[in-house]
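Geometric and topological summary
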Amino acid sequence: MEYVALATGLILVILGLYGIVAQRNIFRIIIGFSIFDTGLHVVLVSIAYLKNRTAPILDEAVSKGEAASKIVDPVPQALVLTAIVIGVAITALMLTFALKMYEKRKTLDIEKFEDLKW
Amino acid sequence: MVKKLVAIAILAGIAFMLYGLFASYTQKETLPKTSRYYAIKGPDELGSANLVTSVVVTYRGLDTLGEVTILFTVASIIGFFLRSRTKREARAENPRETSEILHTGVAFLVPIIFVFGAYVFIGGHLSPGGGFQGGAIIASGTLLLFLAQPKTSGGHTLITFVESVSGIAYVGIGIAGIFLANGFLDNRILPVGEFGTIFSAGAIPIIYSLIGLKVGAELSAILYKLKDAKEDA
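Report follows, based on the coordinates. (Residues numbered from 1 in each chain as written. Chains lettered and ligands numbered in written order. Predicted model: local features only at pLDDT ≥ 70, side-chain atom pairs only at ≥ 80, totals over all residues. Heavy atoms only, no water.)

**A few points about the overall build of chain B**
Our working rule: Comment: elements are numbered from the N terminus, with helices defined as DSSP H or I runs of at least four residues and strands as E runs of at least two. Radius of gyration: over C-alpha atoms. The globule rule applied is 2.2 Å multiplied by the number of residues raised to the 0.38 power.
Each helix and strand in chain B was counted, giving nine helices and zero strands. When the helices and strands of chain B are placed in sequence order, the string is α-α-α-α-α-α-α-α-α. A compact globule built from 233 residues should have a C-alpha radius of gyration of about 17 Å, whereas chain B, at 23 Å, is more than 25% larger. Reported as C-alpha extents along the three principal axes, the dimensions of chain B are approximately 60 × 60 × 35 Å.

Following this line, the structure appears as structure tokens:
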């Protein structure tokens with residue numbers, strides 16, 4: 001039970017990958033990607049966690065001097081902060097491509113797009 | 001059928017690998033070297049109470065600039081792919097009027113959402129906020145506006161203006177850091193001030209506000225382009 005967040009993140013990663021690999025509808029693939037993305041964020045944040053420590057924000061609870069022994073790792077949190085926004089941007093880009101693909105073929109079935117198949 | 005089996009076999013392999021990582025994972029007891037430096041030196045060096053902010057805006061500021069660039073690139077690519085309707089075409093198609101409830105709710109909520117977004121990015125060095133979160137909140141307000149007024153075509157100039165000005169000012173402050181402080185995007189071009197107050201941490205509140213405006217404008221531009229996309233190109 002100790003690493004619940006880490007386990008949840010890894011399960012989300014696998015569920016998202018399943019969505020990407022096994023679904024045929026392009027929108028479901030994009031949703032799978034979003035779940036995959038979220039799972040990675042949960043994994044990163046849970047790796048940053050150190051036992052019995054608090055958020056890396058200094059206030060009355062955590063003074064300057066004892067910061068190093070009381071806060072969790074701020075670097076992966078900063079990484080996730082940027083990764084979330086990039087995830088939003090990539091999702092928007094994929095939705096645009098999906099829109100264009102639908103306009104071309106009038107279908108969202110990924111099996112119908114065979115141009116790059118050999 | 002075979003394809004599905006292959007997919008499940010691959011996923012089982014990946015799951016096995018991830019389980020190996022999970023089973024051998026043990027939590028660290030202390031901070032890694034870099035993080036310890038940020039935790040011990042960060043508050044005195046930069047004066048930011050939120051250490052994540054000091055990492056995002058100053059220590060790894062170049063990465064953040066790169067990330068804002070990625071957002072800009074994505075918005076440009078979306079603009080390239082989605083041709084927007086001309087004004088006459090937009091007027092010709094007559095979407096159903098939005099409901100009274102939505103109109104009233106949006107008129108009440110949107111100013112509050114914008115102010116809350118500004119609060120989140122201005123207080124980014126003191127509280128768990130920041131430019132990216134505040135920008136996303138502002139973009140959600142824009143989305144509400146678009147839902148209530150689907151026919152509106154104004155605002156695009158304002159979005160582009162905010163986007164360009166905040167981007168240029170961000171890079172300008174970064175370059176000012178080379179001449180007035182120790183390097184590109186150094187926040188100590190302004191006095192660090194009293195720790196834990198709103199006017200502290202040098203240029204961090206200004207930089208984070210600019211990032212907030214930039215992200216908000218960028219995401220709003222993406223929403224705008226998706227809203228105005230031509231039905232069949």
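**Some details on a nonpolar patch on the surface**
All names here are of chain B. The cut-off we apply is this: Residues qualify for a patch when their relative accessible area is over 30% and they have no salt bridge, like charges being joined within 9 Å and the nonpolar side chains of Val, Leu, Ile, Met, Phe, Trp and Tyr within 5 Å. Only the protein chains shown count as cover for residues, and all accessible areas are computed by the Shrake-Rupley method using a 1.4 Å probe. Salt bridges are defined by distance alone: a side-chain nitrogen of Lys or Arg within 4 Å of a carboxyl oxygen of Asp or Glu. Buried residues are those whose accessible area, probed at 1.4 Å on protein chains only, stays under 20% of the maximum for their type, while exposed residues exceed 50% and partly exposed ones sit between those limits.
Residues Leu62, Val171, Ile175, Ile178, Phe179, Leu180 and Phe184 make up a contiguous nonpolar surface patch of roughly 700 Å² in combined accessible area. At five residues, helix α8 (residues 156-180) tops the list of elements feeding residues into the nonpolar patch. If you trace the backbone, Ile175 turns up in helix α8. Under the relative-accessibility criterion, Ile175 is labelled partly exposed at 39%.

**Observations concerning helix α9 (residues 204-227) of chain B**
For an α-helix the count is 3.6 residues per turn, leaving residues at separations of three or four pointing the same way. Test applied: For a helix, the expected span equals 1.5 Å multiplied by the residue count minus one.
Between its terminal C-alpha atoms α9(B) stretches 34 Å, which fits the 34 Å expected from 24 residues at 1.5 Å a residue. Across the 24 residues of α9(B), 20 count as buried, placing the element largely inside the fold.

**Points about the pattern of salt bridges**
Residue and element names in this part refer to chain A. Enumeration according to the criterion identifies six salt bridges over all chains in this entry. In this structure, Asp115 and Arg105 form a salt bridge, with 3.0 Å as the shortest nitrogen-oxygen distance. Here the residue Asp115 occupies a position in the segment after α4 (74-105), and Arg105 occupies one in helix α4, the gap between them amounting to 10 residues. Residue Asp115 is classed as exposed on the basis of its relative accessible area, which comes to 59%. The class for Arg105 is partly exposed, based on a relative accessible area of 37%. Put simply, Lys112 and Asp109 hold a salt bridge, and the shortest N to O gap is 3.6 Å. The buried category is assigned to Asp109, whose relative accessible area is 15%. Through salt bridges with shared partners, one network takes in Arg24, Asp109 and Lys112.

**As for the environment of B:Gln133**
We count it as follows: Here a residue-residue contact requires only that any non-hydrogen atoms of the pair lie within 4.5 Å.
Along the chain, the position of B:Gln133 falls in helix α7 (residues 131-148). Separated by 13 residues in sequence, B:Gln133 and B:Val120 place their C-alpha atoms 7.2 Å apart. Setting aside residues up to four positions removed in sequence, B:Gln133 forms contacts with A:Leu81, B:Val120 and B:Pro128.

**Let's talk about the nonpolar core**
Test applied: Among buried residues, the Ala, Val, Leu, Ile, Met, Phe, Trp, Tyr and Cys ones that are joined through side-chain atoms within 4.5 Å form a nonpolar core.
Counting 36 residues, the largest nonpolar core has B:Val56, B:Phe132, B:Ile207 and B:Ile211 as its most contacted members. For this core, the secondary-structure elements that each account for two or more residues are α4 of chain A together with α2 (33-46), α3 (51-59), α4 (61-81), α7, α8 and α9 of chain B. Setting aside residues no more than four positions away along its own chain, B:Val56 makes contact with A:Ala78, A:Leu81, B:Gly61, B:Thr64, B:Phe132 and B:Tyr208.

**Concerning the packing of aromatic side chains**
All names here are of chain B. How we decide: Think of it this way: a Phe, Tyr or Trp ring, Trp meaning its six-membered ring, pairs with another when their centres are within 6.5 Å, and the plane angle makes it stacked under 30 degrees, edge-to-face over 60, tilted otherwise.
Across all of its chains, the model carries nine aromatic pairs over all chains by this definition. Taking 4.3 Å as the distance between ring centres and 20° as the angle between the ring planes, the aromatic pair formed by Tyr38 and Tyr59 counts as stacked. Taken together, the residues span a long stretch of sequence, with Tyr38 in helix α2 and Tyr59 in helix α3 at a distance of 21 residues. Just as Tyr38 is buried, Tyr59 falls in that class too.

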